[in-house]
Amino acid sequence: YGKLIDKNTRCIHYNSILDIIAIKFYCCNKYYPCYQCHQESESHQSLIWPKQLQSIEKVILCGNCYNEWTINDYVTSNNKCCNCSSGFNP
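Residues numbered from 1 in each chain as written. Predicted model: local features only at pLDDT ≥ 70, side-chain atom pairs only at ≥ 80, totals over all residues. Heavy atoms only, no water.

Novice: Describe the pairing of strand E1 (residues 21-24), and please don't skip the residues or the numbers.
Specialist: Summarising the sheet, E1 and strand E3 (residues 58-62) pair through three bridges and their orientation is antiparallel. Each residue of the ladder has a partner; that of Ile23, found in E3, is Ile60. Pairing between E1 and strand E2 (residues 31-32): two bridges, direction antiparallel. What sits directly across from Ile23, in E2, is Tyr32. The turn joining E1 and E2, which pair antiparallel and follow one another in sequence, is formed by six residues; a positive phi near 60 degrees is taken by Asn29. (Pairing = 2+ DSSP bridges. Helix = DSSP H or I, 4+ residues; strand = E, 2+ residues; numbered from the N terminus.)

Below, the structure is given as C-alpha cells:
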C-alpha cells in the first residue's frame, strides 16, 4: 500500500538505495513503506504495536527478499536483512 515507486517498497517520500523496509501498521494490518504513505492513504490514526507483540508478530518486511521479521529482530539487525544481507536505513 502507499505511493510505491518500485518493487522494493521505496515510495515517493523515501526512495534512497537503503529505503527497502516496509512496516505493517497495527491499526490496519497493512504494509506501508512509511508513515506518510499511511497517513495519506488511511482515514484513521496509526497505532504502535504493543510491547508484548513486538517479539512475536512479524511486521517488518524487507523490500529486497520479502522476508518478514519481528520488531525485535529489526532493532537488533545492525541495519542489514538477516535473510539476504541487504542494507537498509535504521
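Novice: Help me get a handle on the nonpolar core, residues and values and all.
Specialist: Listed in full, the 10 residues of the largest apolar core are Ile20, Ile21, Trp49, Val59, Ile60, Cys62, Trp69, Ile71, Cys81 and Phe88. With residues up to four places along the chain from it excluded, the contact list for Ile71 reads Trp49, Gln54, Glu57, Val59 and Ile60. Grouped together as the second largest cluster of nonpolar side chains are five residues, Cys11, Phe25, Tyr32 and Cys37 included. (Core = buried A, V, L, I, M, F, W, Y, C linked by side-chain atoms within 4.5 Å. Buried < 20%, exposed > 50% of the residue type's maximum accessible area, 1.4 Å probe, protein only. Contact = heavy atoms within 4.5 Å.)

Novice: Account for the sheet that holds E2, with residues named and values stated.
Specialist: Taking strand neighbours across the sheet as the criterion, the four strands line up as E2-E1-E3-E4 in an open arrangement whose pairing is antiparallel. Of all strands in the sheet, those bounded by a partner on one side alone are E2 and strand E4 (68-70). Relative to E4, E3 runs antiparallel, the two sharing three bridges. By the bridge assignment, Lys58 is partnered in E4 with Thr70.

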